[in-house]
Amino acid sequence: MKTSYKLYFSFLFVLLTFSLSSAQTGEIFRLDGGNSTYAFGVNERGDLQPLYWGGRLGAHDSIPPAHSFPEMASFDSPATTTPQEYAGWGAGLFTEPALKVSFADGNRDLVLHFFKIASSSSNSAEIVLKDISREIYVTLAYSMDSESGILARSASIENREKQPVLIEQAAFAQWTLPPAHYTLSYLTGRWAGEWTLNQEPIQGGARVLESRRGSTGHQANPWFAISREGGRDTATAADEEHGEVWFGALAWSGSWRMTVEHTQLDALRVTGGFNPFDFGYKLKPGEHLDTPIFYAGYSAHGLGGASRLLHHFELAHILPQAPDPKPRPVIYNSWEATEFKVDEAGQMALAEKAASIGVDRFVMDDGWFGKRNTDHAGLGDWYVNPEKFPHGLKPLIDKVHSLGMDFGLWIEPEMVNPDSDLYRKHPDWVLNFSGRPRSESRNQVVLSLARPDVRDYIEGFLDKLLTDNDIAFLKWDYNRNWSEPGWEQVPADEQKRVYVEFVRNLYSILANLRKKHPKVEIESCSGGGGRVDLGILHYTDEVWPSDNTDPFDRILMQDGFTYAYTPQIMMAWVTDSPHWLNGRSTSLAYRMLSSMQGSLGIGANLNHWGDEDFATAKRLIAAYHSVQKTIVQGDLYRLMNPRDNSELSVTETVSNDKGQAVVFAFVNATNKGRGFPLLQLRGLDPTAEYKLSWIEGKSWPDTPDTASGAWWMNHGIQLMLKGDYQAAAFRLDRQR
Ligand code: GLA
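Per chain, residues are indexed from 1 in the order of the written sequence. Under the rules for a predicted model, residues below a pLDDT of 70 receive no local features and side-chain atom pairs below 80 are neither given nor counted, while totals for whole chains, interfaces and linings still include all residues. Calculation of side-chain values draws on the structure's entire complement of heavy atoms; hydrogens and water are dropped beforehand.

1. Some words on a nonpolar patch on the surface
- A contiguous nonpolar surface patch, about 310 Å² in accessible area, is contributed by W191, W580 and L581.
- The secondary structure listing takes helices from DSSP runs of H or I that are at least 4 residues long and strands from runs of E that are at least 2 residues long, numbered from the N terminus. Relative to the helices and strands, W191 is located in the loop between β10 (182–188) and β11 (196–201). Residues form patches when they are more than 30% accessible in relative terms and have no salt bridge. Like charges link within 9 Å. Nonpolar side chains (Val, Leu, Ile, Met, Phe, Trp, Tyr) link within 5 Å. Computed with the Shrake-Rupley method and a 1.4 Å probe, the accessible areas treat only the protein chains shown as cover for residues. Note on definitions: salt bridges are taken to be side-chain nitrogens of Lys or Arg within 4 Å of carboxyl oxygens of Asp or Glu.

2. Comments concerning unusual backbone geometry
- A cis amide bond links A322 with the next residue in sequence, P323, at an omega value of 10 degrees.
- With respect to the helices and strands, P323 occurs in the loop between α3 (302–318) and β20 (331–333).
- We note that A91 has phi near 55 degrees; this positive angle belongs to a residue other than glycine.
- In this fold, A91 is placed in the loop between α2 (78–81) and β4 (99–103).
- A positive phi is found at Y725, a non-glycine position, where the angle reads about 50 degrees.
- Inspection of the secondary structure assignment puts Y725 in the loop between β36 (719–720) and β37 (726–734).

3. Details of the sheet that holds β20
- If you walk across this open sheet you meet the eight strands as β27-β26-β25-β22-β21-β20-β29-β28, and the pairing is parallel. The open sheet has two edge strands with one neighbour each: β27 (542–543) and β28 (571–574).
- Note that β28 and strand β29 (residues 599–602) share four bridges and pair parallel. Residue pairing in the sheet places V574 in a bridge with I602 of β29. Paired strands are those between which DSSP finds at least two bridges.

4. Quick notes on the site of the ligand
- In the neighbourhood of the ligand, 13 residues make up the surrounding shell, with D365, D366, R442, K475 and D547 lying closest.
- Counted as a polar contact is a pair of N or O atoms within 3.5 Å, where, for protein atoms, one must be capable of donating a hydrogen and the other of accepting one, and residues adjacent in sequence contribute only when both atoms are in side chains. Side-chain polar atom of D366 to an oxygen atom of the ligand: 2.6 Å apart, as the coordinates give it.
- In isolation the ligand has 300 Å² of accessible area, and contact with the protein removes 97% of it.
- When the residues that make up the shell around the ligand are grouped by side-chain class, the tally is four nonpolar, three polar and six charged. Definition of nearness: a residue and a molecule or strand are near each other if at least one heavy atom of the residue lies within 4 Å of the molecule or strand. Nonpolar residues are Ala, Val, Leu, Ile, Met, Phe, Trp, Tyr, Cys and Pro. Charged residues are Asp, Glu, Lys and Arg, and all others, Gly as well, are polar.

5. What to know about the pairing of strand β33 (residues 689–696)
- Where β33 meets strand β35 (residues 706–708), three bridges bridge the pair, whose relative direction is antiparallel. The residue of β35 that forms the bridge with K691 is T706.
- Note that β33 and β37 share six bridges and pair antiparallel. Paired with L692 across the bridge in β37 is L732.

6. As for the packing of helix α8 (residues 452–468) against helix α9 (residues 498–516)
- Relative orientation of the contacting elements α8 and α9 amounts to 25 degrees, with a least axis distance of 10 Å. Relative to α9, the element α8 lies roughly parallel. α9 is crossed by α8, and the crossing has right-handed handedness. On the side of α8, the interface is formed by R455, I458, E459, L462, D463 and L466, while α9 contributes N505, S508, I509, N512, L513 and K516.
- Of the residues that constitute the contact of α8 with α9, the class distribution is five nonpolar, three polar and four charged. Fitted lines through C-alpha atoms serve as axes, helices being fitted only where they are in contact, and the angles separating the N-to-C directions of these axes extend from 0 to 180 degrees. Note on terminology: angles under 35 degrees are roughly parallel, angles over 145 are roughly antiparallel, angles of 65 to 115 are roughly perpendicular, and the others are oblique. Less than a right angle of anticlockwise turn of the near helix away from the far helix marks a crossing as left-handed, whereas a clockwise turn marks it as right-handed. Contacts are residue-level and defined by heavy atoms, with any inter-residue pair within 4.5 Å sufficient.

7. Section: the sheet that holds strand β2 (residues 36–42)
- Strand order in the open sheet formed by three strands is β1-β2-β3, and the pairing between neighbours is antiparallel. Here the strands that pair on one side only, and so sit at the sheet edges, are β1 (28–33) and β3 (48–55). Looking at each pair of strands side by side, their axes are set apart by 15 degrees on average, direction ignored.
- Of the pairings in the sheet, the one linking β2 to β3 comprises seven bridges and is antiparallel in character. Within β3, the position partnered with Y38 by the bridge is W53.

8. Overview of the confidence of the model for the protein chain
- Across the protein chain, the average pLDDT comes to 95, with 96% of residues at or above 70.
- Taken element by element, the protein chain is modelled with least confidence in helix α1 (residues 3–19), mean pLDDT 36, and with most confidence in strand β26 (residues 521–524), mean pLDDT 99.
- Scored below 50 in pLDDT, residues 1–25 shows 29 contacts in the model against residues more than four places distant or in partner chains. Each residue carries a pLDDT value, the predictor's own confidence for that position, ranging from 0 to 100.

9. Looking at the packing of aromatic side chains
- Pairing of aromatic rings covers Phe, Tyr and Trp, the last through its six-membered ring, and needs centres within 6.5 Å; plane angles under 30 degrees mean stacked, over 60 mean edge-to-face, and all others mean tilted. Under the counting rule described, the total for this entry stands at 42 aromatic pairs.
- Judged by centre distance (6.3 Å) and plane angle (35 degrees), the rings of W191 and W580 are tilted. Separated by 389 residues along the polypeptide, W191 in the loop between β10 and β11 and W580 in the loop between β28 and α11 (588–595) bring together distant segments of the chain.
- Among the aromatic residues, ring-to-ring pairing joins F29, Y38, F40, W53, F114, Y142, W175, F224 and F294 into one connected group.
- For a ring to carry a charge above it, either NZ of a lysine or CZ of an arginine must fall within 6 Å of the ring centroid while also lying within 35 degrees of the normal to the ring plane. The residue whose ring lies beneath K130 is Y137, and the NZ or CZ to ring-centre distance is 5.8 Å.
- The ring of Y478 has R531 lying over it, and the distance from NZ or CZ to the ring centre is 4.1 Å.

See below:
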């Protein structure tokens, strides 16, 4: 038993001796899945109290029952010292509540106690809590994935009072970790600079990660990982491949908040759900609010192990094509080549060139509809621009098909330019407060998707677009955040429901379109990676991680991205050099290899390419196709991470049957003549023989063609790789 657990349990023992007289043996709920166990129970006060979350316990191990913690001096009562599975704000709770309500009579005290078990099995449970006197019921749902041990938790809050109740704060779940020293990892960013992995020790107080923007946002992503630190109470600190890590992510694409709280009694709690800022959800008698899911899991193999569990879970359970999503087609996208200057002849010419290098899907980006010649006009008018496409989209789509590719199209359904027919006809259809300015960003305002008529309009035009045209793919964009989020068609005390209803309507449109047009695949884009979360990923097959396509920046962003999300959904285009954002010049091979770490696309202006470029791209796309499944669905090992201004970066992915490994290595600068360090691979079968083949680059002379997994992992391979912005890639294939 780890020292900290000993401390924890001896603390409990002390408590027991104090409170044994009043203690009753409470219910204990235990969920097992993968390599983890999660347990909670009912204490003598009736609270639902977390008991254990960590490595899997023995099947016959008993878990000590729940006992409420004592008062800590006169300032912290058991209501605040005792961790709860879902704490109502009341009775002197000073830590983050899961649920805060106001009753119609002004009472704001909510104390949730165990009421009944609605259902329970070895990997799922539904537990009903109820306020100690009022008719507020909360059903907590738990479902643990038997393979990964990732637990899905959510809550349904029901008002059976005779008066309405206002929900002011509602978490999807709260998590409690054993007392220890921890490091928090989280992702932040901005437009063209998403996916920065931040790591910091968790100290007293609360760290708040959030979006108040109406959507997920670039500035932070609703994912966390908490690694156990070394130090006085544990022997092993967690790192990339070792040690204990707890991680989680919200399945919600609206305003969200996660609070990581180290209480003054050194307990660690994570509370996540709807952002309570400007939040209000009125429940009339008989109504309920079902929260989205907060997923969380545990790994004993460091952050690398945690991300591998998440990747497999996303592929098997989250994505629309789960449990077996097809690797993404290699796409061509017109945006960086033509921006708004799209027309039939120009797109056909690009399509021919794209097909010649082995692209599978041709995507026409912004500019094809309405009077869309710049970002000042046209959004909302989803008819084909007759000057650019006099015969509609059909000739272009037919041409794309004749070249052996399928066809995709850019849309931005939730937005409108004031300079559009739609806005002139329905100026009231946008988020706004009467008589107040309607702040524009990128010359556009946000349609009020919470309104049923707006929702139906959007679903209607998209359904027609997909019915009238043979479209295999939509790039669904969303290029600004909210301002003036008024919804004046409903009573004043219901208007803040906009934060929930907008996103629910978005999900329902996506779900209906997918049902009606099952072959259509969808990408979630929001000016790059502004809407990437486990909620939208239930309806979309891939995401656009960033408008920044600089291959060097992307290596770092891809590193951050993959802590939370599978490379399968990580679209990565090869674009032009020097890059428009940084002015950085890189070779085509370097750009290709950077993008081949995820789902490959080409976004360069092919009209500017020479024969050699076409040959390089064709060769590398063919190489990519042959190993794509391993790259995007295998086990990812970060052998050298590019963070902290590292000069090096290496990733390895190993196919699920360990039959193949693919390695990408990058050097951004060689200084003082240093050679590339020895690479010791991971995750291979030590006894199998693997054959080495180069995709790009080479190793030192005398590297064997074939050697055992043990050789590649222990002896390792020495690459010949130096210079600025150089890259190499190779594969290992198991020999029969
Ligand atoms: C956003 C997207 C880009 C492109 C443009 C088109 O910025 O992220 O990829 O589609 O919109 O206007």
